[in-house]
Amino acid sequence: MHTNDHFAVDNNGIITNNKQLDADNNNAYYEFVVTAKDRGEPAKTGTATVRVYTKNKNDEEPKFSQQVYTPNVDENAGPNTLVTTVVASDKDGDNVRFGFVGGGTSSGQFVIEEITGVIRLHNKPISLDRDKYELNVTAMDDGACCVNGDTTIHTSTAVVVVFITDVNDNKPIFKDCPTYFPKVEEGAPNGSPVIKVHATDEDKGVNGQVKYSIVQQPNQKGTKFTVDEETGEVSTNKVFDREGDDGKFVSVTVKATDQGEPSLEGVCSFTVEITDVNDNPPLFDRQNNGAQQLASESTVSIMLEDVNDEIPLFTEREQETVLEGEPIGTKVTQVNAIDKDGTFPNNQVYYYIVDSPRNEGKDFFEISMQTGEIFTKVVFDREKQGAYALEVEARDGAPSARPNSDNQPNSGVPDLMIEALLEFLPRFRTEVQARPVISSPADL
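As a starting point, this report considers the structure included with it.

Definitions and limits used
- Residues numbered from 1 in each chain as written.
- Predicted model: local features only at pLDDT ≥ 70, side-chain atom pairs only at ≥ 80, totals over all residues.
- Heavy atoms only, no water.
- Pairing = 2+ DSSP bridges.
- Helix = DSSP H or I, 4+ residues; strand = E, 2+ residues; numbered from the N terminus.
- Disulfide = S-S within 2.5 Å.
- Buried < 20%, exposed > 50% of the residue type's maximum accessible area, 1.4 Å probe, protein only.
- Phe/Tyr/Trp six-rings, centres within 6.5 Å; stacked < 30°, edge-to-face > 60°.
- Polar contact = N/O pair within 3.5 Å; in protein donor to acceptor, adjacent residues only side chain to side chain.
- Contact = heavy atoms within 4.5 Å.
- Salt bridge = Lys/Arg side-chain N within 4 Å of Asp/Glu carboxyl O.
- Axes fitted to C-alpha atoms, helices over the stretch in contact; angles between N-to-C directions.

Note: strand S26 (residues 331–334) against strand S30 (residues 373–376), 3 bridges, orientation antiparallel. Considered in S30, the bridge of Gln-334 is made with Glu-373. Strand direction decides the pairing type here: strand S29 (residues 365–367) and S30, joined by 3 bridges, are antiparallel. Across the sheet, Glu-366 pairs through a bridge with Phe-375, a residue of S30. Joining the antiparallel neighbours S29 and S30 is a turn of 5 residues, in which Gly-372 adopts a positive phi near 80 degrees.

Take a look at the structure:
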């Protein structure tokens, strides 16, 4: 009796198997050499090559290329956005079809292609309001490998964890700005606390992290206040004199900037009252003849009220690009202007598209009056026109105090208007299709 790992042969030449044979791992057959030896002197030998073919059966389940897939998708992704592709194969050579656990090819806002394993967002409106989505996918064979293979169907599963990536599309907002009415005593030492401001940004991660700074007033050397960029704690940067040049009220503007790329910013303007302390002695006037002059004294407080004399100023010029073929309502950019008046509504800024024959982009874009966000009004074709110049205007919220203003709000003059050169990037018309997984040849 002679043996190898899988077969044994006895002295009668009968070959038997030592272990269960597997058609999937050995190219559907086993091959070995049998030697016959006589008893003569000297002994003679002969050899024969034996090939044992194995008959395949559907006994293997599909195997995914990995058990956990972790793709990333932007929070503002639109319909039909590609998420990932799952891959599975079957050693028996069966065809593999994909789906979600529980049956079907859709799960919430996600769909899977049954043949290719491509996972996309569905073709309806999208709202990705969670940090991640977990999908359980299945791979099922069809038993096409062998006779009666479809009587035993095998299924395996994998997990797809879709992480939602934050997009920096919200600017910091000082929600409590209208309630800020801080006071500080005249003569208080430099660095005295004034108020702690706070801005919130609805974005996540670094896009929602805010840092604070003081907006310096025009023609002002240095700033009268400082702010801690991390905490928002506002402090004095000088010793104030109520009876001197500082007066009773001092305006301050704080800016909050997020850490996104590009960064967005919001501002808050409020007035700090300088309170009086008894730091001036009474003074007597005497006539030349030495007789004391009798007099009474009265303190008159004069409150300086803000007038609407500042024009909204855009923080920067914009040049943006947008893909041709994007749907109507696609956000292009966001402009921002600051009005340096000290009180509401004098410093409230509203945004408009300039209604002028020379404004070539006025019929193709619209702007949010409150936020300055610019959106498309048409679907663009780069082959018809590759760029548009768009003029936008910022107006404040109250009648102007400037001469000859005709009781209209202040607005940006032409050399202050933002001219946004909107360029259109080409979009490939033919989408690259994911090819189905090619399974191994059917077992013989």
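In this section: the state of the cysteines. Per the stated rule, a full pass over the model turns up 1 disulfide. Here Cys-177 is linked by a disulfide to Cys-268, with a sulfur-sulfur distance of 2.1 Å. Judged by the sign of its S-S torsion, about 95 degrees, the cystine formed by Cys-177 and Cys-268 is right-handed. In this pair, Cys-177 is assigned in the loop between strand S16 (155–165) and strand S17 (183–185) and Cys-268 in strand S23 (residues 265–275), connecting sequence segments 91 residues apart. In terms of burial, Cys-177 and Cys-268 fall into one category: buried.

So, about the packing of aromatic side chains. Enumeration according to the criterion identifies 11 aromatic pairs in this entry. When the centroid spacing of 5.2 Å and the interplanar angle of 25 degrees are considered together, the rings of Phe-365 and Phe-380 count as stacked. Taken together, the positions of Phe-365 in strand S29 and Phe-380 in the loop between S30 and strand S31 (387–399) put the pair 15 residues apart, joining distant regions of the chain. Of the two residues, Phe-365 and Phe-380, both sit in the buried class. Members of the aromatic cluster, connected to one another through ring pairs, are Phe-364, Phe-365, Phe-380 and Tyr-388.

Tracing the sequence through the fold places Asp-339 in the loop between strand S27 (337–338) and strand S28 (349–353). Here Asp-341 takes part through its backbone nitrogen, which lies 2.9 Å from a polar atom of the side chain of Asp-339. With residues near it in sequence (within four places) discarded, Asp-339 still touches Asn-308, Glu-310, Ile-311, Pro-312, Asn-346, Asn-347, Val-349 and Asp-396.

Let us look at the pattern of salt bridges. The tally for this structure, following the rule as stated, stands at 14 salt bridges. The salt bridge involving Lys-204 is made with Asp-131; its shortest N-O contact spans 2.7 Å. One end of the pair, Lys-204, is in the loop between strand S18 (193–196) and strand S19 (210–214); the other, Asp-131, is in the loop between strand S14 (118–121) and strand S15 (132–141), with 73 residues separating them in the sequence. A salt bridge links Glu-393 to Arg-395; its shortest N-O distance comes to 3.5 Å. When its relative accessible area of 13% is taken as the criterion, Glu-393 is described as buried. Among the charged side chains, a network of salt bridges with common partners joins Lys-224, Lys-238 and Asp-246.

The antiparallel open sheet is built from 3 strands, whose spatial order is S26-S30-S29. A single partner strand is all that each edge strand has here, and the edge strands are S26 and S29. Taking the axes of each pair of neighbouring strands and ignoring which way they run, one obtains an average angle of 25 degrees across the sheet.

To continue, consider unusual backbone geometry. In this model, Glu-261 is joined to Pro-262 through a cis peptide bond whose omega is 0 degrees. Across the junction of Phe-344 and Pro-345, the peptide omega takes the value 5 degrees, indicating a cis bond. Among the structural elements, Pro-345 can be located in the loop between S27 and S28. The backbone of Asn-80 sits at a positive phi, close to 70 degrees, despite the residue not being glycine. With respect to the helices and strands, Asn-80 occurs in the loop between strand S8 (72–74) and strand S9 (82–85). Asn-80 sits in the partly exposed class, given a relative accessible area of 43%. Although it is not a glycine, Asn-407 sits at a positive phi angle of roughly 65 degrees. With respect to the helices and strands, Asn-407 occurs in the loop between S31 and strand S32 (409–411). Given a relative accessible area of 58%, Asn-407 falls into the exposed group.

Looking now at the sheet that holds strand S20 (residues 225–227). Picture the strands of a sheet paired through backbone hydrogen bonds; they go either parallel or antiparallel. One open sheet holds the 3 strands; their spatial order is S18-S21-S20, and the pairing between them is antiparallel. In the strand order of this sheet, the two ends are held by S18 and S20, each with one partner. Each strand of the sheet is rotated relative to its neighbour by a mean of 25 degrees, with strand direction disregarded. With 3 bridges joining them, S20 and strand S21 (residues 233–236) adopt antiparallel strand pairing.

Another point: the side chain of Thr-236. With respect to the helices, strands and loops of the structure, Thr-236 is situated in strand S21. Within polar-contact distance, the side chain of Thr-236 engages the backbone oxygen of Pro-189 at 3.2 Å. If near-sequence neighbours (up to four positions away) are discounted, Thr-236 is found in contact with Val-184, Pro-189, Asn-190, Gly-191, Ser-192, Val-194, Lys-224, Phe-225 and Thr-226.

Structural measurements only, silent on function.
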